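Tertiary structure, described
This is what each chain is made of:
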Amino acid sequence: MGSDPGATDPGSRRIGVLISGRGSNLQALIDAIVAGTLKAQIAIVISNKADAAGLDRARTAGIETMVLDHRGFPSRDDHDATVANELRSRGVSLVCLAGFMRLVGPRLLRAFPDAILNIHPSLLPAFPGVNAQQQAIDHGVKVTGATVHIVTGELDGGPIVLQASVPVRDDDTVDRLSARILIEEHRLYPDAVQIILDRRWRLEGRRFIQPND
């Protein structure tokens, strides 16, 4: 029987999740915690949009939620500082972006150095930014995929933790390709979070290195 992802457990590693929309990767993390395959606790889910469907996923799981609408702040720096303070006040050690449609600024990066993860629907460094699936189709690549990476000041440019490939079919639409990539995203993200929390890794330049077992 898995643990309650919203319950207080001082022995577990506390993560914070930032969302802007439906939160399907948030749900993948919740499900992995409940199943016991991810040894972590989601301390809080923060959205910059009050109507984000992912907030309901978190509430259903008994996880604390908060809305910090960036439009109510005078600058990106002020918004990031507030997000960082809320995360740190809850003992968060790792921040997971799950469809968070905001660039992470210096204040948040400094608060969580090498401790912010993002998942992106391409095999980075190919097709960073928005509409990665459409970029893959337009470019005519035969393989794309999903990437979990550490967030840095470079858009989708941080060290790569895990990747999975997905074939691009000749008759693919954005929706069909996105759905297949999403299956890999849901598999990869909990695994990557566990790797980071286990702390058996190091960075060499931009290379993410795990020791051989």
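The following refers to the structure shown. Nothing here was measured: the structure is a model prediction, and the numbers come from that model.

Thoughts on helix 6 (residues 174-198)
Taking 1.5 Å as the rise per residue, helix 6 with 25 residues should run 36 Å; its terminal C-alpha atoms sit 35 Å apart, in good agreement. In the segment just after helix 6, Arg199 is the residue with positive phi, at about 60°.

Section: the packing of aromatic side chains
Scanning the model with the defined rule gives one aromatic pair in all. Ring plane angle 20° and centroid distance 5.0 Å describe the contact between Trp201 and Phe208, whose orientation is recorded as stacked.

Observations regarding the packing of helix 1 (residues 24-35) against helix 6
Relative to each other, helix 1 and helix 6 sit at 50°, their axes nearing to 9 Å. On the basis of the axis angle, helix 1 is oblique to helix 6. Of the two possible hands of crossing, helix 1 and helix 6 adopt the one that is right-handed. Contacts between helix 1 and helix 6 involve Ser24, Asn25, Ala28, Leu29 and Ala32 on the former and, on the latter, Leu182, Glu185, His186, Tyr189, Pro190 and Val193. For the contact of helix 1 with helix 6, the residue count by class is seven nonpolar, three polar and one charged.

Re the pairing of strand 6 (residues 143-150)
Most of strand 6 sits out of view: seven of its eight residues are buried. Bridging between strand 5 (residues 116-120) and strand 6 involves four bridges; their strand directions are antiparallel. Paired with Ile119 across the two strands is Val148, which belongs to strand 6.

Structural notes on the layout of surface pockets
Of the volumes computed, that of the largest pocket is approximately 960 Å³. Looking at the largest pocket, it is lined by 37 residues, and the ones nearest its centre are Gly99, Phe100, Met101, Ile119 and Pro121. Elements supplying a minimum of two residues to the lining of the largest pocket: helix 1, strand 5, helix 5 (132-139) and helix 6. Considering each element in turn, the lining of the largest pocket owes the most residues, five residues, to helix 6. Residues of the lining of the largest pocket, tallied by class, amount to 15 nonpolar, 16 polar and six charged.

Rules used in this analysis
- Residues numbered from 1 in each chain as written.
- Predicted model: local features only at pLDDT ≥ 70, side-chain atom pairs only at ≥ 80, totals over all residues.
- Heavy atoms only, no water.
- Helix = DSSP H or I, 4+ residues; strand = E, 2+ residues; numbered from the N terminus.
- Expected span 1.5 Å × (residues − 1).
- Phe/Tyr/Trp six-rings, centres within 6.5 Å; stacked < 30°, edge-to-face > 60°.
- Axes fitted to C-alpha atoms, helices over the stretch in contact; angles between N-to-C directions.
- Parallel < 35°, antiparallel > 145°, perpendicular 65-115°, else oblique.
- Left-handed = near helix turned anticlockwise from the far one by under 90°.
- Contact = heavy atoms within 4.5 Å.
- Nonpolar A, V, L, I, M, F, W, Y, C, P; charged D, E, K, R; others polar.
- Buried < 20%, exposed > 50% of the residue type's maximum accessible area, 1.4 Å probe, protein only.
- Pairing = 2+ DSSP bridges.
- 1 Å grid on protein atoms, 1.4 Å probe; cavity = no way out; pocket = protein on both sides within 12 Å on 5 of 7 lines; lining within 4 Å.
- Points joined across faces, edges and corners; volume = space filled by probe spheres on them.

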